[in-house]
Amino acid sequence: MERPARLLLLSELHVGKAACDVSLSRSLLSWKRRSSSGALHHPFRPSVSHSVSVSEIISVREEEEASRGGDDGSWKKIKERDGRDCRQAFTVLYVERRQQHRWQCAEVTFTCPEGALRQHWVGSIREQLAAIASRPKHLLVYINPCSGKRKGKRVYEEKVAPLFAQAGVSTQVIVTERANYARDHLRTEAELKKFDGVVCVGGDGMFSEIIHGLIWRTQMDGGVDPERPDEALLPGSLRIGIIPAGSTDCICFATVGANDPVTSALHVIVGDSQPMDVCSVHHNNTFLRYSVSLLGYGFYGDVLTDSERKRWMGPTRYDLSGVKMFLTHRYYEGTVSYLPAKGIEGTPRDAARCRSGCVVCQHNGQQLLEKAERYDVDEASDSESDSEWRTIRGKFLAINAASMSCACPRSPKGLSPAAHLADGTTDLILVRKCSRFDFLRHLLRHTSKDDQFDLTFVEVHRVRRFRFTPRYCQSDSDLDLRENGKHQIFSQICRDHPACGCAPAYSSWNCDGEILTHTAIDVRVHRQLIKLFARGIEEPMVFEDLPNPCAV
């Protein structure tokens, strides 16, 4: 049985007109309304006892400070009431959970009988907050002004910056001027030692820029060559925060559970940390890109390629291109070789999901680490053994590798509902050639409760590494093969006019929303290579729909 936490403070304070017993320990701030003498018992009245984790307190302020002109109107001012001087009151701002994994900033104001007691309370709370080493104090913020509906800068200034200021987090804000500006700045100019983390305001593309800049910088500083596919990459020390302001925000949805700027900002403030796997993608010993969510060939590659020609349509272009590619119904021949993840917990068809504090991620990550230490080699040591590899040849409508569930508001389950964020594996999903009706059944199961892998033409494997080679790949550059040579002239015409019924030989790889320049690739999972300001999706609380707990 756990021993109760030792109290640091215990006083009788007022919340509004109610007298409360307020206590502070190293882990909890609690207040409980005192029962009036002779008061009737109300069995259905909401609880009058409340607790807030110290780790989820955003800040504490003295009300006289808020009345000196520093308040911008976004926070409630406490005036004198019931004859009490506002100089004896202090307000605690903290995280309050709402529906659908959203967080908001709530506050409760305590009034002390004397000013000295207020100073003692404020000083003690601030001392506990300062002792939380995981909280960031200095952040480097990149804003993509063109993300989504060009709302990135406004989202940050109106919703995020006031929270950072309230929590005492200093920031250096950079508004990007072009594509890959953040990546290039992180690689060469950013003084990373000055910061506790990097925050990006934008969509999945902006997040991709950040990880490409940070991972490259980490490897260069550590003397590691990222061009080599068998190289064990060094994990970064800086955490990354994502303020969603893009078209899809798939990564934010899969790691927090909501695409809400305030929720993400609060995860940054309280200093949450969620490790995440990263896949490196190479072609013939040449590095192409990193992937953290989806690698898709066939259907999803074709959708992205077609939608790029319709960027002027905004997010609607994905729907139109999706319908078009479904009706086109192209399949592609090739060979998939993969290294199965053996001796781990969990399978792609588990009912359990990756959630905050996931035991599968912890167990599998520790197991891979112990195995590497036992043999004194890196994590890919057994990748050189030909006997471990499995090979599949065939005609595929889609080849997908999901390193996370890839859930989003339109597909709450995602492409692989049981995929894990930090277990050192990716789920390789192969959809073989089938009828349009069967493929539609598979797609519709992304939005239903049915098992989307329980189909004869779909197979899924949890792997640590895989390779793909298209059937007609005969040169180093697949794109050059498509465009060069007299034998390619008529096939190009057929690709531009699919009504002739001639299917193209190649698709394109969709790598986290970017098109790869090669189709023959080698993909390796790097366990827990980066960390986010997140904690994974929390399980819903039993009483999350109760009224505001501050209404005492």
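Residues numbered from 1 in each chain as written. Predicted model: local features only at pLDDT ≥ 70, side-chain atom pairs only at ≥ 80, totals over all residues. Heavy atoms only, no water.

Asks: Explain the overall build of the protein to me, using residue names and the numbers behind them.
Replies: Counting secondary structure elements, the protein contains 13 helices and 21 strands. For the protein, the residues scored as buried account for 52% of the 552 residues in total. Once local pairs closer than 6 in sequence are excluded, the contacts in the protein between residues at least 24 apart make up 75%. Just so you have it, the protein exposes about 26,900 Å², and 50% of that area is on carbon and sulfur atoms. (Helix = DSSP H or I, 4+ residues; strand = E, 2+ residues; numbered from the N terminus. Buried < 20%, exposed > 50% of the residue type's maximum accessible area, 1.4 Å probe, protein only. Contact = heavy atoms within 4.5 Å. Areas by Shrake-Rupley, 256 points an atom, 1.4 Å probe, with all protein chains shown as cover.)

Asks: Let's hear about unusual backbone geometry: which residues, and what values?
Replies: Excluding glycine, residues mostly carry a negative phi; peptide bonds, for their part, are mostly trans. In the Ramachandran plot, asparagine 180 falls in the positive-phi region, its phi being about 65° despite a non-glycine side chain. Positionally, asparagine 180 belongs in the loop between strand E9 (170-175) and helix H4 (181-188). Residue asparagine 285 is not a glycine yet carries a positive backbone phi of 65°. Of note, asparagine 285 is situated in the loop between strand E12 (274-283) and strand E13 (286-291). Residue class for asparagine 285 comes out exposed when judged on its relative accessible area of 58%.

Asks: Would you mind going over the pattern of salt bridges in detail, with residue names and values included?
Replies: Applying the stated rule across the entire model yields 30 salt bridges. Across the salt bridge formed by aspartate 306 and arginine 309, the nearest N and O atoms sit 3.3 Å from each other. A residue is classified by how much of its surface remains accessible, and aspartate 306, at 3% relative accessible area, is buried. (Salt bridge = Lys/Arg side-chain N within 4 Å of Asp/Glu carboxyl O.)

Asks: Before we move on, can you summarise the packing of aromatic side chains with the specific residues and values?
Replies: Tallying each qualifying case throughout the model produces 14 aromatic pairs. Here tryptophan 31 and tyrosine 94 contribute two aromatic rings whose centre-to-centre distance is 6.3 Å and whose plane-to-plane angle is 65°, an arrangement assigned as edge-to-face. A residue pair is termed long-range when its members are at least 10 positions apart, and tryptophan 31 in strand E3 (residues 28-33) and tyrosine 94 in strand E6 (residues 89-97) qualify at 63 residues. The same class applies to tryptophan 31 as to tyrosine 94, namely buried. Ring centres of phenylalanine 90 and tryptophan 121 lie 6.2 Å apart, and the angle between their planes is 20°; on these two criteria the pair is classed as stacked. Of this pair, phenylalanine 90 sits in strand E6 while tryptophan 121 is found in helix H2 (residues 115-130), placing the two residues 31 residues apart along the sequence. For the pair shown, phenylalanine 90 and tryptophan 121 are each scored as buried. Cluster of aromatic residues (ring-pair linked, three or more members): Trp31, Phe90, Tyr94, Phe110 and Trp121. (Phe/Tyr/Trp six-rings, centres within 6.5 Å; stacked < 30°, edge-to-face > 60°.)

Asks: Pulling in residues and values, what's your account of helix H9 (residues 316-328)?
Replies: Between its terminal C-alpha atoms H9 stretches 19 Å, which fits the 18 Å expected from 13 residues at 1.5 Å a residue. As for H9, its buried residues are in contact with helix H8 (299-307) and helix H11 (436-444). A positive phi of about 55° marks histidine 329, the residue just after H9. (Expected span 1.5 Å × (residues − 1).)

Asks: How would you sum up the packing of H9 against H11? Please name residues and give values.
Replies: It is at 10 Å that the axes of H9 and H11 come closest, and there the two elements cross at 145°. For the pair H9 and H11, the contacting residues are Phe326, Leu327 and Thr328 in the first and Arg436, Phe439, Leu440 and Leu443 in the second. Looking at the contact of H9 with H11 residue by residue, the classes come out as five nonpolar, one polar and one charged. (Axes fitted to C-alpha atoms, helices over the stretch in contact; angles between N-to-C directions. Nonpolar A, V, L, I, M, F, W, Y, C, P; charged D, E, K, R; others polar.)

Asks: Any chance you could break down the side chain of serine 280 for me, citing the residues and the numbers?
Replies: You can see serine 280 is positioned in strand E12. A distance of 2.9 Å separates a polar atom in the side chain of serine 280 from a polar atom in the side chain of histidine 526. In this view, serine 280 contacts Arg289, Tyr290, Asp522, Val523, Arg524 and His526; residues no more than four positions away in its chain are not counted. (Polar contact = N/O pair within 3.5 Å; in protein donor to acceptor, adjacent residues only side chain to side chain.)

Asks: Can you explain H4? Please cite residues and give values.
Replies: Considered for burial, the residues of H4 that qualify are Tyr181, Ala182, His185 and Leu186. Buried residues of H4, viewed axially, fall in a sector of 125°; they line one side. Those residues of H4 that are buried are in contact with strand E8 (138-143), E9, strand E10 (197-202) and helix H5 (204-222). (Arc of directions from axis to C-beta.)

Asks: Give me the confidence of the model for the protein: which residues, what numbers.
Replies: Confidence in the prediction of the protein, expressed as mean pLDDT, is 85, and 82% of residues score 70 or more. Considering only residues more than four positions removed or in separate chains, one finds that residues 474-501, a stretch of pLDDT under 50, has 30 contacts. Across residues 542-552 the pLDDT falls below 50, and counting only partners more than four positions away or on other chains, this stretch makes 14 contacts in the model. (pLDDT = per-residue confidence, 0-100.)

Asks: Now, about the packing of H8 against H9: what can you tell me, with residues and values included?
Replies: Running from amino to carboxyl end, H8 crosses H9 at an angle of 130°, the nearest separation of the two axes being 8 Å. As far as their axial angle goes, H9 and H8 are oblique. In this structure, H8 crosses over H9, and the sense of that crossing is right-handed. Contacts between H8 and H9 involve Phe299, Asp302, Val303, Asp306 and Ser307 on the former and, on the latter, Arg317, Tyr318, Ser321, Gly322, Lys324, Met325 and Phe326. A breakdown of the residues in the contact of H8 with H9 according to their chemical character gives five nonpolar, three polar and four charged. (Parallel < 35°, antiparallel > 145°, perpendicular 65-115°, else oblique. Left-handed = near helix turned anticlockwise from the far one by under 90°.)

Asks: So what's going on with the environment of alanine 505? Which residues, and what values?
Replies: Counting through the fold element by element, alanine 505 comes out in the loop between helix H13 (489-496) and strand E19 (509-511). Judged by relative accessible area, which is 25%, alanine 505 ranks as partly exposed. On a C-alpha basis, the gap between alanine 505 and glycine 334 in space is 9.6 Å, while along the polypeptide they are 171 residues apart.

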